[in-house]
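Structure assessment
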Amino acid sequence: MRRKNILIAAVALILLSLGLMLEQFWLKVATEALIMMLLAISFSLLYGHTGLLSFGQGAYFGVGAYGFALAFTRLHLDFPLCLLVGVVSAGLWAAATGYLCVRLAGIYFAIMTVVVAQSTFFIIFQWYSLTGGDNGIQGLVPPDVISGTRGYYYFALAIVSAAFYAYYRLINSPFGLSLRCIRENMIRAKFVGIDEHKHRLKVFILSGLFAGLAGVLFAPFTRSVVPQMADWISSGKAVFMGILGGASYLLGPLVGAAAWVFLDAFVSGFTVHWPLIIGILVFVIVFFMPGGLMGLVHSYRVRAKARKRGSSGLLSDGTET
Amino acid sequence: MELFINQVFSGLVRSALYFLVTSGLTLLFGVVGTLNMAHFSLYMIASYLTWTFHTMLRGFEFSFWSAFILASAGMCILGWIIERLVMRHIYERELGDQLLITFAMVYILDDVTKIIWGSNPLFVARPAILTGVISWGGISLPASDIFVLLLGLVSGLGTWYLLARTRTGRILRAAYSHKEMLPALGIPIHRIYTGIFVLSVLLASIAGSAWTLMGMVDLGQAHTLLIEAFCVMVIGGMGSFVGTAVSAVICGLTYSFAILYVPKIATLLIFVLTGIILVFRPWGLMGTSGRLH
Amino acid sequence: MRNRIRKVNRALMIVLGLFILGTIHLSMDVSAVMAEETYQIGVLQPFSGPYAIYGEEAMAACQVAADQINAAGGILGRKVVLVKKDTKAEVATGIRQANDMILRDKVDAIIGPTSSSVLLGVIEVTKEHKVIHISSIANTEKATLEGIHPYYFQVVPNSYMESQAIANYLKGVDFKSYVPIALDYEWGHSTVDLLKKELQQTKPEAKLQAEFWPPLKETNFSSYITAALNQKPDLVIGILAGSAYQTFIRQARGYQFFDKVKFLGHGFEGDVMALGNEFPEGMRMYSRGAFYAVKSPKMDTFISDYKKITNQYPTCWAILSYDSLMILADAVKKAGTIDRDAVAKALESGKFDTLRGNLSFRDLDHQMNSPEYFATSYFDKSKGFCVGKDVVVVPGESCFRSPEEIKKVRSEKNISFVPWSAR
């Protein structure tokens, strides 16, 4: 337990000092990574913890961003209030569409979420009078205190840390445990009296809120929103990041999002063949490491512990210790 | 009346393309249970291969037809390689991993295509026999479109015959429903899977070659079809071959009439239809509910 | 098996570790090592995915311009260096890459990008960092109307000007009824809306029979073609672009569409060249910069230099990108310094000798008075594709949105922009 506290303190120190040490461009990339962590968390909640493969988290990312942008440019609300409007609208949209989605399972659930995401994209794209169509909405400049690169980094860091804490508490709560129960064995979950539909809808809305929060933070970060934020390619990114890091591990989405964003920024900084390089990397990671990056770390730790105890690493491979 | 016939015909041509692109995907999902996102990239590569062979054979009278056959053969080989190297190792993996691996292949294949063929859109000149138009009053049917329609029909019937009326077809169907029994009878199941995958790529390849008659060979040609093809697949019933044919016709016709009356939401209409099907009848029009999970 | 996986895992760890190290390395030492004696220009375009073709043409043209300038001794004795970055035609990536160019490569100016939505996002970045920004391809009017800042300039005629030019040109064309087929996005909408309004005034007898809106990524136009033909209009106006446009033409030919109706569509040379002899003859077409419409030694030099790099004739995208870079270089020379304020002032007030004649920016919205070219297509055997004859040049000034309207829109939306001349 003490070791854990020291670790947390160290990570916090590193993250805080990054804001002072990193040069401006990489600080922007770090901010993007922080925001994307929320999107990856929203995917992991559904896939890693409940066993629902969502290919449509982009919809709530986009709705959150547009909720913010519309409140900001049309209603001229205060900045914090705009953030709230964005998150709430994402949550409401998740509740409405989730009601239809959670009735399905497996591949059908996945395809339903794609259909929802594409429809959301389509509505945003077509509703010219409200959303401005494909040109999107620009000029979303945050208040002066956080409009600079460093200010926005700390702002995002604060919100993402709080959200991460909420996520941590959530998956360790009785509710989180019953989600994993649904994932592992639906029939047994029903036996012990878990209302599976209700639980799934709840977690769907929660993950919509996380995605919406990501969208809400992303809009003032790029100072613009576009319909593409809601389409299936944007949703695909959430899937990439979630599985890359290892969706069922606590730190998986964070590691996955950071790896993805930094790789993307790094690779597309020097070559136009980034799809090839990223494609090969993702392919190799998923093909050879089913648990993602955190799965890799986990298996190393398990083996190290086994070696310490002097037993064969093979025996305890893959089991939780 | 003329408008009606014209829209039915153009809707059916659209259906034929939908069907050709989707049927391979359905087949693979129906027998093996794997959803191959890279299917559409293979469709695109088939178009590029057709262009390459067509250019190599320029001046030869049957250049298009030869290119068609050579591209199909080439794609079968490519499909076989991909199956041996990648696909057979992921049939048993989790759904998320399967989607992600094949999605990563989309990135790889698309970029390799760009490296080989460049980013200029290309086109294949229609053979002389397919350049004409059959006109009758206000109705006009281009020969190339009629050919695509026939191609869809023939490939559909051919595959259906293979599945429903031959011994191979019975084995294929058994590979889905009685997976454990096949090895017990001495039938190597992995070879069946290879065969199914190659067949699905062949169907994609036919679609790709057919497309060269209708439009441009282009790096974006696959992206545009992807979501619509999934909708067609779901409406018909995932894994149901006949269902895919029926739903391709429904979607094609819906679209070609929707653009007359509600042009701005024609695409959305297909999504809504898919959503309704998923909510009330997730196994699709022709699927059986047993395949749901 | 397990051992093999472990080995692979170890190798993977090493690869990933190297990647991370590389990232850190790159983040440490790239900044500000560039020598004093260069003038760095960022070329921000899509270079991957389906839109890569635009980026490649723009890049080749900028390369020609940079080579010509450097061969003549550079700008103010500085060598022009191009920094190329890929937007992937995505807003978030475009913004990140623009930041990368500005913060790490320390570019003095940016030329690009291609998509309007990416342009509007990148304008926010160049506004924040006060970097000279010229758009040579993306042409949404929203950029000059609302996004505008003192360092932003638009060389390509904006969407308003283009539809006004088409309306002006159509005054001289004889037709009683028309049908627009336009891609269902901003460009299609703004063009068709303005055309309808203008035609009502200038050609009240022309009847709008129907309108068709294929989605942006449509690949199958047969249903639209048959539906449009069924209306039997005198004129069909196609507001389509890229490979969708090419596919439309191929499918329309299958229906002998071009023998049955008059058609007006764009003649952007990329699409025309890609189609070769499939492009219809006798079609009314327009372009933002047609190489065959201008006969000057300057254009001839550009064509031959451009062909040396790409083995192709220049498209309007190439011509506009070349012009953008040359205008920028000219402005730096006129300013006598690379100070951004001075260069922006020189851009705003200067007259520039471009491939398309003597042009200048309007101070109100930093929009260049770029002309639009109209012509009738015919097949040129020596080139292997269609070019235009009976060229009509509609000058940019005649197509501008009026200053009153601009001021009205800006006051409604609370946008203030003060040109350098008014400071």
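Calculation rules
- Residues numbered from 1 in each chain as written.
- Chains lettered and ligands numbered in written order.
- Predicted model: local features only at pLDDT ≥ 70, side-chain atom pairs only at ≥ 80, totals over all residues.
- Heavy atoms only, no water.
- Contact = heavy atoms within 4.5 Å.
- Buried area = accessible area lost by both parts, 1.4 Å probe.
- Salt bridge = Lys/Arg side-chain N within 4 Å of Asp/Glu carboxyl O.
- Polar contact = N/O pair within 3.5 Å; in protein donor to acceptor, adjacent residues only side chain to side chain.
- Helix = DSSP H or I, 4+ residues; strand = E, 2+ residues; numbered from the N terminus.
- Expected span 1.5 Å × (residues − 1).
- Bend = angle between axes of the 7 residues up to and from the residue.
- Buried < 20%, exposed > 50% of the residue type's maximum accessible area, 1.4 Å probe, protein only.
- Pairing = 2+ DSSP bridges.

Our focus in this paragraph is the interface of chain C and chain B. Across the contact, 37 residues belong to chain C and 39 residues belong to chain B. Across the chain C to chain B interface the summed buried area is about 3200 Å²; carbon plus sulfur atoms make up 52%. Looking only at chain C, the three residues that lose the most surface to chain B are S223(C), R250(C) and Y255(C), adding up to 19% of its buried area. A salt bridge links R14(B) to E218(C), with the nearest nitrogen and oxygen atoms 2.9 Å apart. Here chain C is connected to chain B by 18 residue pairs in polar contact (both at pLDDT 80 or more).

What follows deals with the environment of I159(A). Residue and element names in this part refer to chain A. Structurally, I159 is set in helix α8 (residues 149–172). Residues I159 and L213, spaced 54 residues apart in sequence, show a C-alpha to C-alpha distance of 9.1 Å. Setting aside residues no more than four positions away along its own chain, I159 makes contact with L213 and L217.

Residue and element names in this part refer to chain A. Along its 27 residues, helix α2 (residues 24–50) runs 38 Å from first to last C-alpha, staying within 8% of the 39 Å computed at 1.5 Å per residue. The largest bend in α2 amounts to roughly 40° and is located at S44. Within α2, 26 of the 27 residues are buried, which leaves the element mostly enclosed by the surrounding structure. G51 lies just past α2 and shows a positive phi near 80°.

A few words on the sheet that holds strand β14 (residues 372–380) of chain C. Residues and elements named next belong to chain C. Judged by pairing direction, the sheet is mixed, and its seven strands sit side by side in the order β7-β6-β8-β9-β10-β14-β15 without closing on themselves. The open sheet has two edge strands with one neighbour each: β7 (207–208) and β15 (385–394). Where strand β6 (residues 177–182) and β7 come together, two bridges link them in parallel fashion. Bridged to S177 within β7 is K207.

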